[in-house]
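Spelled out from the first residue to the last, the chains are:
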Amino acid sequence: MTSLRVRIGVLGFALVAGLTATPHPAQATTATVEEQRLGNAVPQEILARSGFDDVAPEFAEALGAARSYAQARRVVVREGSALWKRAVDRAQGRGPAGGDLSRDDDRPLYWARLGMTREVRGWEPAFGLSDAQRAALLDQLERTSRGQTDIHYPKGPHKRVLVTGFDPFTLDRDIRISNPSGATALALDGTVIQTADGPARVETAMFPVRWQDFADGTVERTLRPYLRKVDLFTTVSQGRVGRFDVERTNGAWRGGFPDNENVSRTETVPVADPASQPQWTTTTLPYKAIVAATTGRFPVYDNTSVTEIPAGGTDPVVRPDGPTEGSTARAGGGGNYLSNEIAYRATLLRDRLGLHDRLPGGHVHTPVLQFGAGNTTAVTDPEFVANRLDIIAQVRAILTVAVSATERTRG
């Protein structure tokens, strides 16, 4: 998920204030660009063939029964959490499949969530709902349905691993698109991988492909409570065709490729305390061990290339071996889209917490998930499913290698 390769929140509302202030009635807001795509045939087919077509109607009924903002918030939290659990259970083979769409598919979660957010956006309860309260409900729905509030590590001797994934994107190019990083997050959430040094518990969360959510701090808010507690983390997104990349360097630059709302941003990555913001951050994942290991059918590369404006220069230059002293970022190894940005934000947070030398963390790009040859209309096919399953399995294997290599280095 990188603009170069395709070429490719925290909302400011205090919940306490929402509960105590006198609501000022607000009219329902217009559906977003993402929500408007729900009317297309492909999303409806995906929902029907997974059984997730009942999510939005049942949520609308429950929300309509709320008689206060507090009740509405409880409905949103409950149903958002239930959607995440349902998607994880389906991906991991628990409960009914709900249809003939393969269980490893991440798209039912994406489209069902949009059906729910559209209901909240258009809801006009008799008790009145202020703009701030509606925004807070939407924020709670986003967080709970993405697993961001469901990260739990039980007590025990296991290692703790944190992994993130993304929604599908570039949907106006092909609305059938699935994101293997999101599918991986669903497949691995709450699972235990067996490493050479014992079991490791994996917890995951999903993130939107929207510039504004990142500017609002959704990455930092989600990851900050856990980085001191985990033994390894990696953000994951879709990258190049036919290969995995462990991104060595991340850049502080947004390249402007449109997000899922068709919004572009070309600017320095907006973070807290910009005066101390570095142009570059680096991986602390054991990339040499990952690249050297046999983890699956796709080759894995240590990607060191960046694009920079050299110190004293004015034009961008590609540097195959990483940035030079005093340069200004124009693309990390992972480009200058939201995959680079989540890597930059997560590793910057690691460094600001004083964990650079203690916590392995970075970004892994998966291969592009491709349909079978000649498939230009069907929402799925055997090759598409096989590719996604292979990518998921290889991410799991990469995590296994990374945890084991980290333990050997520490030992």
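Look a little higher up for the structure.
These notes cover the structure that comes with them. If you're wondering where the values come from, they're calculated on a predicted model, not measured in any experiment. Counting from 1, residues in each chain are numbered in the order their sequence is written. Restriction of local features to residues with pLDDT of at least 70 applies here, the model being predicted, together with a cutoff of 80 or more for giving and counting side-chain atom pairs; totals for whole chains, interfaces and linings are based on all residues. The side-chain values count all of the structure's non-hydrogen atoms but skip hydrogen atoms and water molecules.

Quick notes on the overall build of the protein chain
Argument step 1. Each helix corresponds to a stretch of at least 4 residues labelled H or I by DSSP, and each strand to a stretch of at least 2 residues labelled E; elements are numbered beginning at the N terminus. Summing up its helical and strand segments, the protein chain has 14 helices and 14 strands in all.
Argument step 2. Here the C-alpha coordinates of the protein chain stretch approximately 60 × 50 × 50 Å along the principal axes.
Argument step 3. Residue exposure (1.4 Å probe, protein chains only): buried if accessible area is under 20% of the type maximum, exposed if over 50%, otherwise partly exposed. Here the protein chain holds 411 residues, and 58% of them are scored as buried.
Argument step 4. Under the convention used here, a 1.4 Å probe and the Shrake-Rupley method define accessible areas, while residue burial counts only the protein chains that appear. When the accessible surface of the protein chain is split by element, carbon and sulfur atoms take 52% of a total near 16300 Å².

Observations regarding the nonpolar core
Argument step 1. Counting 39 residues, the largest nonpolar core has F59, L63, W111, L137 and L186 as its most contacted members.
Argument step 2. In terms of residues, this core owes the most to one element, helix 6 (residues 69-91), which gives nine residues.
Argument step 3. Residue contacts follow a heavy-atom distance rule, with two residues in contact if any of their heavy atoms lie within 4.5 Å. L186 has contacts with W84, A87, V88, A91, Q92, D105, D106, L109 and M206, leaving out every residue within four places of it along the chain.
Argument step 4. In plain words, nonpolar cores are sets of buried Ala, Val, Leu, Ile, Met, Phe, Trp, Tyr and Cys residues tied together by side-chain atoms within 4.5 Å. L285, F371, F384 and V403 belong to the second largest nonpolar core, which has 26 residues in total.

Focus: the sheet that holds strand 14 (residues 361-366)
Paired through backbone hydrogen bonds, the strands of a sheet run either parallel or antiparallel to each other.
Argument step 1. The pairing criterion is simple: DSSP has to find at least two bridges between the two strands. Read across the sheet, seven strands follow the order 2-3-1-4-14-5-10 without closing on themselves; strand pairing throughout is mixed. Strands at the two margins of the open sheet, each flanked by one partner only, are strand 2 (192-195) and strand 10 (300-303). When the angles between neighbouring strand axes are averaged without regard to direction, this sheet yields 30°.
Argument step 2. Note that strand 1 (residues 159-166) and strand 3 (residues 198-207) share eight bridges and pair parallel. Bridging across to strand 3, V161 finds its partner in V202.
Argument step 3. Working convention: axes come from line fits to C-alpha atoms, limited for helices to the stretch in contact. Angles between N-to-C directions cover 0 to 180 degrees. Taken strand by strand, helix 9 (residues 180-188) contacts strand 1, strand 3, strand 4 (232-238) and strand 14, and its axis lies near 135° from that of strand 3.

Comments concerning the pattern of salt bridges
Argument step 1. What makes a salt bridge here is a side-chain nitrogen of Lys or Arg within 4 Å of a carboxyl oxygen of Asp or Glu, nothing more. Within this structure, the stated rule accounts for 29 salt bridges.
Argument step 2. The partner of R86 in a salt bridge is D54, with the nearest N and O atoms 3.0 Å apart. You can see R86 sitting in helix 6 and its partner D54 sitting in the loop between helix 4 (41-50) and helix 5 (55-64), a full 32 residues away along the chain.
Argument step 3. Here R86 falls in the partly exposed class, since its relative accessible area comes to 30%.
Argument step 4. Taking relative accessible area as the criterion, D54 reaches 27% and is therefore assigned partly exposed.
Argument step 5. For the salt bridge of D89 with R94, the shortest nitrogen-to-oxygen distance reads 2.8 Å.
Argument step 6. Put simply, E34, R113, E142, R146, D167, R210 and D213 are held in one network by salt bridges that share partners.

Some words on the sheet that holds strand 11 (residues 306-309)
Argument step 1. Taken in spatial order, the three strands of this open sheet run 12-11-13, and their pairing is antiparallel. What marks the edges here is a single partner per strand, and that holds for strand 12 (317-319) and strand 13 (328-331). The sheet shows a mean angle of 45° between the axes of neighbouring strands, taken without regard to direction.
Argument step 2. Across three bridges, strand 11 lies against strand 13 in antiparallel orientation. The partner of E308 across the bridge, within strand 13, is A329.

Remarks on helix 6
Argument step 1. If you check helix 6, its first and last C-alpha atoms are 33 Å apart, about what 23 residues at 1.5 Å a residue would give, namely 33 Å.
Argument step 2. When helix 6 is considered as a whole, its buried residues turn out to be Y69, A72, V75, V76, G80, L83, W84, A87, V88, D89, R90 and A91.
Argument step 3. Looking one or two residues beyond helix 6, the residue adopting positive phi is G93, at roughly 85°. In this scheme, a helix's expected span is set at 1.5 Å multiplied by one less than its residue total.

Observations concerning the packing of aromatic side chains
Argument step 1. What counts as a ring pair is set by centres within 6.5 Å for rings of Phe, Tyr and Trp (its six-membered ring), and what kind of pair is set by the plane angle: stacked under 30 degrees, edge-to-face over 60, tilted for all other angles. Considering all chains together, one arrives at nine aromatic pairs under this definition.
Argument step 2. For the ring pair Y110 and W111, a centre distance of 4.8 Å and an interplane angle of 75° mean the geometry is edge-to-face. Neither residue differs from the other here; Y110 and W111 are each classed as buried.
Argument step 3. Where W123 meets F127, the ring centres are 5.7 Å apart and the plane angle is 75°; that geometry is what we call edge-to-face.
Argument step 4. Residue W123 is classed as buried on the basis of its relative accessible area, which comes to 12%.
Argument step 5. According to the relative accessible area criterion, F127 is partly exposed, its value standing at 28%.
Argument step 6. In this structure an aromatic cluster arises from ring pairing among F169, W211, F257 and Y337.
Argument step 7. Over the ring of F52 we find R86; its NZ or CZ atom is 4.4 Å from the centre of that ring.
Argument step 8. Between the NZ or CZ atom of R176 and the centre of the ring of F371, over which it lies, the distance is 3.9 Å. Any Lys NZ or Arg CZ that is within 6 Å of a ring centre and within 35 degrees of that ring's normal is treated as a charge sitting over the ring.

Observations concerning the environment of L399
Argument step 1. Within the secondary structure layout, L399 lies in helix 14 (residues 382-410).
Argument step 2. Placed 341 residues apart in sequence, L399 and E58 show a C-alpha to C-alpha distance of 37 Å.
Argument step 3. In contact with L399, not counting residues within four places along its chain, are V161, V163, L188, I193, L232 and T234.

Brief notes about the pairing of strand 3
Argument step 1. By the criterion of burial, strand 3 is predominantly enclosed, with nine of the 10 residues buried.
Argument step 2. Bridge analysis of strand 2 against strand 3 gives four bridges, and the strand direction is antiparallel. When the bridges of strand 3 are listed, Q194 appears paired with P199.

Quick word on the packing of helix 5 against helix 7 (residues 107-122)
Argument step 1. At their nearest, the axes of helix 5 and helix 7 sit 8 Å apart, and the two run at 30° to each other. By the angle between their directions, the pair helix 5 and helix 7 is classed as roughly parallel. Like other packed secondary-structure pairs, helix 5 and helix 7 cross with a definite hand, here right-handed. Two secondary-structure elements touch here, helix 5 through V55, A56, F59, A60 and L63 and helix 7 through A112, G115, M116, E119 and V120.
Argument step 2. The residue inventory of the contact of helix 5 with helix 7, partitioned by class, reads eight nonpolar, one polar and one charged. Angles are sorted into four bins: roughly parallel if under 35 degrees, roughly antiparallel if over 145, roughly perpendicular if 65 to 115, and oblique for all others. Put simply, a crossing is left-handed when the front helix is turned counterclockwise from the back one by less than a right angle, and right-handed when it is turned clockwise. Each residue receives one of three labels: charged for Asp, Glu, Lys and Arg, nonpolar for Ala, Val, Leu, Ile, Met, Phe, Trp, Tyr, Cys and Pro, and polar for the others, Gly being one of them.

Purely geometric numbers; function is a separate question.
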